[in-house]
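This is what each chain is made of:
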Amino acid sequence: MDYNVFLLATDPNDPCRDVIHSRDTSLKVKVYCVSEETFTPDGNEIQLYGYADGKLYAFETINITPDDALDVISAIQWYAEYIEYPDMEILPEDPRIDSNIAM
């Protein structure tokens, strides 16, 4: 069974601006600390959410392709392990009460 290998690019000036990269595909996922900064979702990308250590994180793809869409969950699970919250529940929608979703 093949396993994805993920790498992490970090911003030394902002610990909430990590970017997860797949080593073998073009998948890239930005990490946002929604509890500490403003996050506006891009309608052309996939967004998923998760709580860890009392903080809400948003995960947003960068230039997602159909071939990479299935690997987004694996990338987030890898990141959850990396930040030592392996039981992070990955949420499909923004759980904030004041979040408005256009329909």
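Located above this text is the structure these notes cover.
Source: prediction; values computed, not measured.

Procedures and definitions
- Residues numbered from 1 in each chain as written.
- Predicted model: local features only at pLDDT ≥ 70, side-chain atom pairs only at ≥ 80, totals over all residues.
- Heavy atoms only, no water.
- Salt bridge = Lys/Arg side-chain N within 4 Å of Asp/Glu carboxyl O.
- Helix = DSSP H or I, 4+ residues; strand = E, 2+ residues; numbered from the N terminus.
- Buried < 20%, exposed > 50% of the residue type's maximum accessible area, 1.4 Å probe, protein only.
- Disulfide = S-S within 2.5 Å.
- Phe/Tyr/Trp six-rings, centres within 6.5 Å; stacked < 30°, edge-to-face > 60°.

Draft legend 1. Seen up close, the pattern of salt bridges. Scanning the entire structure with this criterion turns up four salt bridges. For Arg17, the salt bridge identified is with Glu37, shortest N-O distance 2.6 Å. On the criterion of sequence distance, the pair formed by Arg17 in strand β2 (residues 14–22) and Glu37 in the loop between β3 (28–33) and β4 (47–52) is long-range, its members being 20 residues apart. You can call Glu37 buried: its relative accessible area is 18%. A salt bridge links Asp94 to Arg96, with the shortest nitrogen-to-oxygen separation between them at 2.3 Å. Its relative accessible area of 13% is what places Asp94 among the buried residues. Taking the relative accessible area as the measure of exposure, Arg96 reaches 28% and is therefore partly exposed.

Draft legend 2. Spotlight on unusual backbone geometry. One non-glycine residue with positive phi stands out, namely Asp53, at about 55°. Tracing the backbone shows Asp53 in the loop between β4 and β5 (55–61). The phi dihedral of Glu84 falls on the positive side, at around 65°, and the residue is not glycine. Tracing the backbone through its elements, the reader meets Glu84 in the loop between α1 (72–82) and β6 (90–91). According to the relative accessible area criterion, Glu84 is exposed, its value standing at 66%.

Draft legend 3. The state of the cysteines, seen in detail. Scanning the entire structure with this criterion turns up one disulfide. Note that Cys16 is cross-linked by a disulfide to Cys33, the S-S spacing being 2.2 Å. Taking the sign of the S-S torsion, -95° for the link of Cys16 and Cys33, the bridge is left-handed. Of this pair, Cys16 sits in strand β2 while Cys33 sits in strand β3, and the two are 17 residues apart along the sequence.

Draft legend 4. The arrangement of the packing of aromatic side chains in detail. Within the structure shown, the criterion is met by eight aromatic pairs. When the centroid spacing of 6.3 Å and the interplanar angle of 70° are considered together, the rings of Tyr57 and Tyr79 count as edge-to-face. Taken together, the residues Tyr57 in strand β5 and Tyr79 in helix α1 connect sequence positions 22 residues apart. The residues Tyr57 and Tyr79 share a single accessibility class, namely buried. Three or more aromatic residues joined by ring pairs form one cluster here, namely Phe6, Tyr57, Phe59, Trp78, Tyr79 and Tyr82.

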